[in-house]
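Examination of the molecular architecture
What follows is each chain in one-letter form.
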Amino acid sequence: MSAKPTVLIYVQHLLGTGHVIRAGAIGRALSRRGCAVTLACGNTPPPTLDTDGLTIAALPPVRARDASFRELIDENDRPIDQQWKDTRRDRLLDLFDACRPDILLTETYPLGRRQLSFELTPLMELATASPHRPLVAGSVRDILVRKADPRKEEAMAETAQRYFDLILVHSDPAMVRLDDSFPFADRVAHLVRYTGYVYPGKRAEPPNDEGRDEVVVSCGGGVGALRMLDCAIGARAFSTRAGDATWRLLVGHRIAAHDFEALAASGGTGIVVERARSDFPGLLGRARLSISQAGYNTTLDVLAAGVPGVLVPFAEEGENEQTTRAMALAERGRVVCVEETTLTPETLARAADDALALSRIETPTDMNGAEASADILIREWEKRR
């Protein structure tokens, strides 16, 4: 039996949790193929993360203070300084030396995460100059956030050309291509491999009849979703097609305790308010309707369940990734989209009723991206060995 590669995956989630969920799914797929996988986490992993088969290496945690991403803060909510950056850079480089990976996979970078260049550029220099040079691959979702300054996007392409052997794009090219959100895609086309969407698949079934014929309102990690959750509580009374259903609100673990308690107190009859749970996909499979933001992982859960959906894309501070994804699905008649700027209990109720008029269908798209990613990485490593 041939030796399997050791793998180091770097992931930094700054606001939501989709990045680390996706990286974890790829890591587990590699582990199932016999690889030793270390997941270097730059922020605290969410409690819903499946870490089976993974070694978690916790870097000093950092996150974005808000949706502008202009300021990064540490675990004590203090802005990070040069000393903090130096400490974390050294921790990451020491981890690379300890792992001596055959494959180095960076999530989002180089087509994002420019704020982390203080550690990622040294990591790339170390990896590519190493006598035991690993296969260097990037892992990016279906849609990138556009930059106001195209020179920043051009610099991303140059970084990819300089250091990377592969760029894994986690989408079905029949639906979304890298060209749709990255204007310099032609410069990295020789590196790109489409994997299909990274969907973790079925998880635990909910107990008893929870989720049955309910409206499930979710927000992933939760940051930036308070308005949608609050409107959902009021929307139940205005809905003609779902006003008789239980509305179950799943509140992200990063939403503060006092905000969670305020939502729970305002719930009332027919409303269940609880923290996000790992059996969320099972709830969707039983639900009458899903209401959610339009993050990568949540959207895939909705599509896989075949449940009618309302998407309220996160769009603060010029964010356009979720809006692009939501509009693409709305144009295919798969969901109803409500913009944050028009969100009220009444508009959300109307969207819920419109969504329930849609057919319950499975979207024909490739969701085997974690397995495909693992196969591509191992195959390319074997070719270069």
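Attention here is on the structure that accompanies the text. (Residues numbered from 1 in each chain as written. Predicted model: local features only at pLDDT ≥ 70, side-chain atom pairs only at ≥ 80, totals over all residues. Heavy atoms only, no water.)

Quick look at the nonpolar core
Grouped together as the largest cluster of nonpolar side chains are 44 residues, with contacts concentrated most on Ile-167, Leu-178 and Phe-182. Put simply, the parts of the chain that give this core at least two residues each are strand E1 (6–11), strand E4 (62–64), helix H2 (82–99), helix H3 (117–129), strand E7 (135–141), helix H4 (150–163) and strand E8 (166–170). Those residues in contact with Phe-182 that lie beyond four places of it in its chain are Leu-111, Leu-144, Glu-153, Met-156, Ala-157 and Val-188. By size, the runner-up hydrophobic cluster in this structure holds 43 residues, among which are Val-11, Ile-21, Ile-103 and Val-176. (Core = buried A, V, L, I, M, F, W, Y, C linked by side-chain atoms within 4.5 Å. Buried < 20%, exposed > 50% of the residue type's maximum accessible area, 1.4 Å probe, protein only. Helix = DSSP H or I, 4+ residues; strand = E, 2+ residues; numbered from the N terminus. Contact = heavy atoms within 4.5 Å.)

Focus: the pattern of salt bridges
Counted under the stated rule, the structure contains 30 salt bridges. With a shortest N-O distance of 2.7 Å, Arg-277 and Glu-210 are connected by a salt bridge. Residue Arg-277 is located in the loop between strand E12 (271–275) and helix H7 (280–286), and its partner Glu-210 is located in the loop between strand E9 (192–194) and strand E10 (215–218); the two are separated by 67 residues in the primary sequence. Residue class for Arg-277 comes out buried when judged on its relative accessible area of 16%. By relative accessible area, which is 24% here, Glu-210 ends up partly exposed. The residue Arg-248 makes a salt bridge to Glu-214 at a minimum N-O spacing of 2.7 Å. Of the two residues, Arg-248 is situated in strand E11 (residues 247–251) and Glu-214 in the loop between E9 and E10; the sequence distance between them amounts to 34 residues. Judged by its relative accessible area of 7%, Glu-214 falls in the buried class. Put simply, Glu-210, Glu-214, Arg-248, Glu-274, Arg-277 and Asp-279 are held in one network by salt bridges that share partners. (Salt bridge = Lys/Arg side-chain N within 4 Å of Asp/Glu carboxyl O.)

Considering the sheet that holds E7
Taken together, seven strands build an open sheet; the order of strands is E3-E2-E1-E6-E7-E8-E9 and the sheet is parallel. Because the sheet does not close on itself, it has two edges, and the strands there are strand E3 (54–58) and E9. Each strand axis lies, on average, 25° off the axis of its neighbour in the sheet, ignoring direction. Note: strand E6 (residues 103–107) against E7, five bridges, orientation parallel. Bridge pairing links Leu-104 to Val-136 in E7. Packed on one face of the sheet, H2 meets E1, strand E2 (36–41), E3 and E6 and runs near 165° to E1. (Pairing = 2+ DSSP bridges. Axes fitted to C-alpha atoms, helices over the stretch in contact; angles between N-to-C directions.)

Any link to function would need more than the numbers given here.
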